[in-house]
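Listed here are the chains, written in short residue letters.
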Amino acid sequence: MKDHEKMKGGMLPKGRRVFLQKMGALAVMSSFGMSFFASCSSEEDMGPDQDQNLGNGINVTAEKVTIDLEKQNQLKSAGGWILVLEARMLVVNVDGNSFSALTSVCTHSGCDRNWALNQNQFICSCHGSRFDLQGNVLNGPATRPLSTFATKIEGNVLVVTR
């Protein structure tokens, strides 16, 4: 009797193995669904009506965000900026005397934490959309501007009203 099955050995290329590993992890995570992650909350989570003092002079409420400019060195000079993740907000010192506050939720895909500022343009690194300091679209794929928030300075505190 002749053995028709022959054994062969080898390995997938490294790039293919990494891809399959990531896809397997993604499939497992997808099977849990968002309810799994949403159920892991505690009473300390910030609700819509709770204040949250983030330290470093930043306080977030449902109505406003206050930023102590003495503690936030990045905002002291023109072009300095910060991303306040908890408020989903970008804040930039436009010219040394005025500030702009924008939503950090990209109007293209909803990314909210992958931002860079280069040549007075906010760049969403998820898909490359570019916005000016007032939130206007300079380069897509986004087609709508970022929402803006009113800003005012009270002493050494920047107040951003939602």
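Residues numbered from 1 in each chain as written. Predicted model: local features only at pLDDT ≥ 70, side-chain atom pairs only at ≥ 80, totals over all residues. Heavy atoms only, no water.

Chemist: What is the right way to read the environment of Gly96 from this model?
Modeler: Mapped onto the secondary structure, Gly96 falls in the loop between strand 5 (89-93) and strand 6 (99-103). Its relative accessible area of 33% is what places Gly96 among the partly exposed residues. Linking Gly96 and Gly79, residues 17 residues apart in sequence, is a C-alpha distance of 7.9 Å. (Helix = DSSP H or I, 4+ residues; strand = E, 2+ residues; numbered from the N terminus. Buried < 20%, exposed > 50% of the residue type's maximum accessible area, 1.4 Å probe, protein only.)

Chemist: Sorry, what's going on with the nonpolar core here?
Modeler: Counting 15 residues, the largest nonpolar core has Val65, Ile67 and Val91 as its most contacted members. Formed by 12 residues, the second largest nonpolar core is a distinct cluster that contains Leu90, Cys124, Ala142 and Leu146. (Core = buried A, V, L, I, M, F, W, Y, C linked by side-chain atoms within 4.5 Å.)

Chemist: Just to check I follow, could you spell out the side chain of Thr103 for this structure?
Modeler: Within the element layout of this structure, Thr103 appears in strand 6. One polar contact links the side chain of Thr103 to the main-chain amide nitrogen of Val105, over a distance of 3.2 Å. For Thr103, the residues in contact, after removing those within four places along its chain, are Arg88, Met89, Leu90, Leu146, Ser147 and Phe149. (Polar contact = N/O pair within 3.5 Å; in protein donor to acceptor, adjacent residues only side chain to side chain. Contact = heavy atoms within 4.5 Å.)

Chemist: What is the right way to look at the packing of aromatic side chains in this model?
Modeler: Any two aromatic rings considered together are summarised by their centre-to-centre distance and by the angle between their planes. In total, this model carries 3 aromatic pairs according to the counting rule given. For the pair Trp115 and Phe122, a centre-to-centre distance of 6.4 Å together with 90° between the ring planes defines the contact as edge-to-face. Summarising the burial analysis for this pair, Trp115 and Phe122 share the class buried. Summarising the aromatic geometry, the rings of Trp115 and Phe131 are spaced 5.8 Å apart at their centres and angled 55° between planes, so their arrangement reads as tilted. Placement of the pair is Trp115 in strand 7 (residues 115-118) and Phe131 in strand 9 (residues 130-132), with a sequence separation of 16 residues. For Trp115, a relative accessible area of 10% translates into the label buried. One aromatic cluster is present, built from ring pairs that chain together Trp81, Trp115, Phe122 and Phe131. (Phe/Tyr/Trp six-rings, centres within 6.5 Å; stacked < 30°, edge-to-face > 60°.)

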